[in-house]
Amino acid sequence: MSNEKDPYSILEDIIDDNGNVMEEYGGYRIEVLNHMAFPWADVFKLLLRLGHEVWVDIEGEKLIIVSKPKTD
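Residues numbered from 1 in each chain as written. Predicted model: local features only at pLDDT ≥ 70, side-chain atom pairs only at ≥ 80, totals over all residues. Heavy atoms only, no water.

Structural notes on the pairing of strand 4 (residues 62-69)
Next up, step 1: Relative to strand 4, strand 2 (residues 27-32) is paired through five bridges, and the arrangement is antiparallel. In the sheet register, Arg-29 faces strand 4, and the bridge partner there is Val-66.
Next up, step 2: Looking at chain direction, strand 3 (residues 52-59) and strand 4 are connected through eight bridges and run antiparallel. Bridging from a neighbouring strand, His-52 pairs with Pro-69 of strand 4.
Next up, step 3: Here strand 3 folds back onto strand 4, and the loop between the two strands holds two residues, one of which, Gly-60, carries a positive phi near 65°. (Pairing = 2+ DSSP bridges. Helix = DSSP H or I, 4+ residues; strand = E, 2+ residues; numbered from the N terminus.)

Considering the packing of aromatic side chains
Next up, step 1: Counting across every chain of the model gives three aromatic pairs.
Next up, step 2: Following the ring pairs from residue to residue traces out a cluster consisting of Phe-38, Trp-40 and Phe-44. (Phe/Tyr/Trp six-rings, centres within 6.5 Å; stacked < 30°, edge-to-face > 60°.)

As for the side chain of Asn-18
Next up, step 1: Along the chain, the position of Asn-18 falls in the loop between helix 1 (7-15) and strand 1 (19-24).
Next up, step 2: The class of Asn-18 is buried, set by a relative accessible area of 13%.
Next up, step 3: Setting aside residues up to four positions removed in sequence, Asn-18 forms contacts with Glu-31, Val-32, Leu-33, Asn-34, Ala-37, Phe-38 and Pro-39. (Buried < 20%, exposed > 50% of the residue type's maximum accessible area, 1.4 Å probe, protein only. Contact = heavy atoms within 4.5 Å.)

What about the packing of helix 1 against helix 2 (residues 40-49)?
Next up, step 1: Packing of helix 1 against helix 2 brings their axes to within 10 Å, and their N-to-C directions diverge by 170°. Here helix 1 is positioned roughly antiparallel relative to helix 2, judged by the angle of their axes. Touching Pro-7, Ile-10, Leu-11, Ile-14 and Ile-15 of helix 1 are Asp-42, Val-43, Leu-46 and Leu-47, all from helix 2. (Axes fitted to C-alpha atoms, helices over the stretch in contact; angles between N-to-C directions. Parallel < 35°, antiparallel > 145°, perpendicular 65-115°, else oblique.)

Quick notes on the sheet that holds strand 4
Next up, step 1: Reading across from one edge, 1-2-4-3 is the order of the four strands in this open sheet, with antiparallel pairing throughout. Looking at strand neighbours, the two that pair on one side only are strand 1 and strand 3, the edges of this open sheet. The average angle at which neighbouring strand axes cross in this sheet is 20°, direction not considered.
Next up, step 2: Across the face of the sheet, helix 1 comes into contact with strand 1 and strand 2 while running at roughly 165° to strand 1.

Observations concerning the side chain of Arg-29
Next up, step 1: Secondary-structure assignment places Arg-29 in strand 2.
Next up, step 2: Side chain to side chain, Arg-29 and Glu-59 meet in a polar contact 2.6 Å long.
Next up, step 3: When residues no more than four places from it in sequence are discounted, the contact partners of Arg-29 are Asn-20, Val-21, Met-22, Glu-24, Glu-59, Ile-64, Ile-65 and Val-66. (Polar contact = N/O pair within 3.5 Å; in protein donor to acceptor, adjacent residues only side chain to side chain.)

The values are spatial; any link to function lies outside them.
Written out as structure tokens, the structure reads:
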């Protein structure tokens, strides 16, 4: 058995209580709860290394990061 964590668990560990992570359409939807303490660079690096396209949007006052695997 492998000790490696899945990307969802890694995202949860990186983000901690600064946001909420949800799996969505083969990618992730991340709600930023504390934009000052949020680990922006680490999150974007992980998502991009997974080969995901990444978007940032706003819902009300909350920033939302959405990612999905790139298609060929």
